[in-house]
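Residues per chain, in single letters:
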Amino acid sequence: MIPVTQAIHIIDSTVVSQRIKKVKIAKSLGFILAEDIFAPINMPSFRQSAMDGYALKWSDSTTYTVTEESKAGDAKHIAIHPLEAVRIFTGAKVPDDADTVVMQEHVTKRDNSITITKMPNKGSNVRPVGEQVSTGDLVLTKGLKLNEAAIGFLAGLGIQRVAVFKTPKVSILVTGNELQKQGKPLKEGAIYESNAVMLKMALQRFGLTQVKVFYAKDTLKATKKNIKRALEHSDVLLISGGISVGDYDFVKEALGKNDVDELFYKINQKPGKPLWFGKKDQQFVFALPGNPASALSCFYVYVLPLLKKCSGYSDYHLPRIQAKSDTDFKNNSGKTLFLKASLQDGIVSVLPSQQSSMLNTFASSNVLLMVAEHVETIKKQDLVSCINLECYGN
Ligand code: AMP
Ligand code: MG
């Protein structure tokens, strides 16, 4: 059995192969950029008016004659002479001879003549060429998570495709003779199978939607065969159940028979002690305890970080927040605890139903309160470390 810190260290030091693909920008949302982006054009690429108004060559005069019009999209060259102005609109090309745009709210117009009631400073309301970025500038850096603003920005630069890190293909293998599908009354001794959909949803929240689910009865033969099948479809395989030390827990042995090498097994933590992690070439396997709360805790603390790492994130652990405990409590277990808890306004409350089989209060917890194995006492108002479950994909 290893401490939590060592298990996390193993995840951190595991080398993952990050694969890259080129995608259309509209398919890149939420992916990590795998290349530096240099501006292919100046933005703006011509001098643009920032206002609806009048373009002119700045002078002391307040009266100008309006000669022509420049609207957004017009390309023609317009000459302006002293004391002439051009009617102009936002986004339109500012004539080369003009240096200033006067907003229309500061102008009174009569026939072809305008009188400026408030002359702006010379150069006002003209967006210079390359004001935002210049051709060749490094504008987005490899490692950025692409959001809608980044994608809009890329579109504005005329970029159609970008290189992003591929996300891993994940499969789930559910083990357990007692598991029953929803839809019929429970048979004696059975429980409804819930880990597959829970883990699928946890993966979906990270953006992974193409997840295959395999099932195996509690026999060595079925477990071995289904691990083999699932590995044919996966970069990362999550196995639910069958990793404890019971007579019908065959996952560890079946993994060995499939040549998956163990990287760790059993962590000094509660919940989730029997977690197993291993590797076969470039594929990873997590064997999660079957108890639902254990499986989900392990997902947040170990699985998600590995998935994020494979997907190009450099900061891949869920963020931790310091908060004040609203109560005294003791940790006499000698284990690191991950407690289902609720954090509001900097105060964290441990929720009831901490047992590893129970999801009822996990449903309303927004953090896991982490108590290190050597910490025996926490006093009300003490600062404690909480894993933020809400800020998940960043
Ligand atoms: P195991 O890790 O296989 O020993 O299972 C531990 C506990 O979790 C047992 O009470 C199982 O019935 C329960 N369990 C295992 N797999 C699932 C599942 N897929 N959905 C819900 N509960 C499960
Ligand atoms: Mg089982």
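Scroll up to find the structure this text is about.
Here we look at the overall build of the chain
And then number 1: Within the chain, the regular secondary structure consists of 6 helices and 28 strands.
And then number 2: Projected onto its principal axes, the C-alpha positions of the chain cover 95 × 50 × 45 Å.
And then number 3: The buried share among the 394 residues of the chain stands at 47%.
And then number 4: Restricting the contact set of the chain to residue pairs at least 6 apart, pairs at least 24 apart contribute 68%.

Description of empty space enclosed by the protein
And then number 1: Counted under the stated rule, the structure contains 1 cavity of 30 Å³ or more.
And then number 2: Taken as a whole, the largest cavity spans an internal volume of roughly 50 Å³.
And then number 3: If you trace the largest cavity, you find it lined by S70, K76, H77, I78, K93, V94, P95 and D96.
And then number 4: Looking at the lining of the largest cavity residue by residue, the class counts come to 3 nonpolar, 2 polar and 3 charged.

Overview of the nonpolar core
And then number 1: Judged by nonpolar contacts, the single largest core of 54 residues is most densely connected at F264, F286, F299 and Y302.
And then number 2: Counting residues per element, the ones that place at least two in this core are α1 (4–13), β12 (161–165), β13 (170–175), α3 (195–205), β17 (236–240), β21 (283–288), α6 (292–310) and β26 (367–371).
And then number 3: Ignoring sequence-local partners within four residues, the contact set of F286 consists of I11, V236, L237, L238, I239, L275, W276, F277, Y302, V303 and L306.
And then number 4: In this structure, I37, V133, I151 and V162 belong to the second largest nonpolar core, which totals 19 residues.

Details of a positive patch on the surface
And then number 1: Taken together, K169, K212, K221, K225 and R229 make up a surface patch of like positive charges.
And then number 2: Top contributing element to the positive patch by residue count: helix α4 (residues 220–231), with 3 residues.
And then number 3: Relative to the assigned elements, K169 resides in the loop between β12 and β13.

Some words on the sheet that holds strand β20 (residues 276–280)
And then number 1: The strand order across the open sheet formed by 6 strands is β16-β13-β17-β21-β20-β18, and the pairing between neighbours is mixed. Here the strands that pair on one side only, and so sit at the sheet edges, are β16 (212–216) and β18 (261–265). Mean inter-strand twist for the sheet, computed between neighbouring axes without regard to direction, equals 20°.
And then number 2: The pairing of β13 with β16 spans 5 bridges and is classified as parallel. Looking across to β16, one finds that T175 is bridged to A216.
And then number 3: With respect to the sheet, α3 is in contact with β13, β16, β17 and β21, its orientation differing from that of β13 by roughly 160°.

Thoughts on the pairing of strand β5 (residues 63–70)
It is a general feature of regular strands that their side chains alternate between the two faces of the sheet.
And then number 1: The sheet contact formed by β5 and strand β9 (residues 113–116) spans 3 bridges and is antiparallel. Note on β9: the bridge partner recorded for Y64 is I114.
And then number 2: Taken together, the 5 bridges between β5 and strand β6 (residues 84–88) define a ladder with parallel strand orientation. Bridge pairing in β6 places E68 opposite V86.

Here we look at the layout of surface pockets
And then number 1: In this structure, the largest pocket occupies an estimated 520 Å³ of space.
And then number 2: Broken down by secondary-structure element, the contributors of at least two residues to the lining of the largest pocket are β15 (191–192), β19 (269–270) and α6.
And then number 3: Looking at the lining of the largest pocket residue by residue, the class counts come to 10 nonpolar, 14 polar and 8 charged.
And then number 4: Put simply, the second largest pocket is a space of about 440 Å³.
And then number 5: Lining the second largest pocket are 23 residues, and of these F31, T167, P168, G207 and L208 sit closest to its centre.

Some points on the pattern of salt bridges
When charged atoms on two side chains of opposite charge get close, those side chains can pair.
And then number 1: Summed over the entire model, instances satisfying the criterion amount to 6 salt bridges.
And then number 2: With a closest N to O distance of 3.5 Å, K71 and D74 form a salt bridge.
And then number 3: Classification of D74 as partly exposed rests on a relative accessible area of 21%.

Reading guide: rules and limits
- Residues numbered from 1 in each chain as written.
- Chains lettered and ligands numbered in written order.
- Predicted model: local features only at pLDDT ≥ 70, side-chain atom pairs only at ≥ 80, totals over all residues.
- Heavy atoms only, no water.
- Helix = DSSP H or I, 4+ residues; strand = E, 2+ residues; numbered from the N terminus.
- Buried < 20%, exposed > 50% of the residue type's maximum accessible area, 1.4 Å probe, protein only.
- Contact = heavy atoms within 4.5 Å.
- 1 Å grid on protein atoms, 1.4 Å probe; cavity = no way out; pocket = protein on both sides within 12 Å on 5 of 7 lines; lining within 4 Å.
- Points joined across faces, edges and corners; volume = space filled by probe spheres on them.
- Nonpolar A, V, L, I, M, F, W, Y, C, P; charged D, E, K, R; others polar.
- Core = buried A, V, L, I, M, F, W, Y, C linked by side-chain atoms within 4.5 Å.
- Patch = residues over 30% accessible without salt bridge, like charges linked within 9 Å, V, L, I, M, F, W, Y side chains within 5 Å.
- Areas by Shrake-Rupley, 256 points an atom, 1.4 Å probe, with all protein chains shown as cover.
- Salt bridge = Lys/Arg side-chain N within 4 Å of Asp/Glu carboxyl O.
- Lys, Arg positive; Asp, Glu negative; His and termini not counted.
- Charge placed at Lys NZ, Arg CZ, Asp CG, Glu CD.
- Pairing = 2+ DSSP bridges.
- Axes fitted to C-alpha atoms, helices over the stretch in contact; angles between N-to-C directions.

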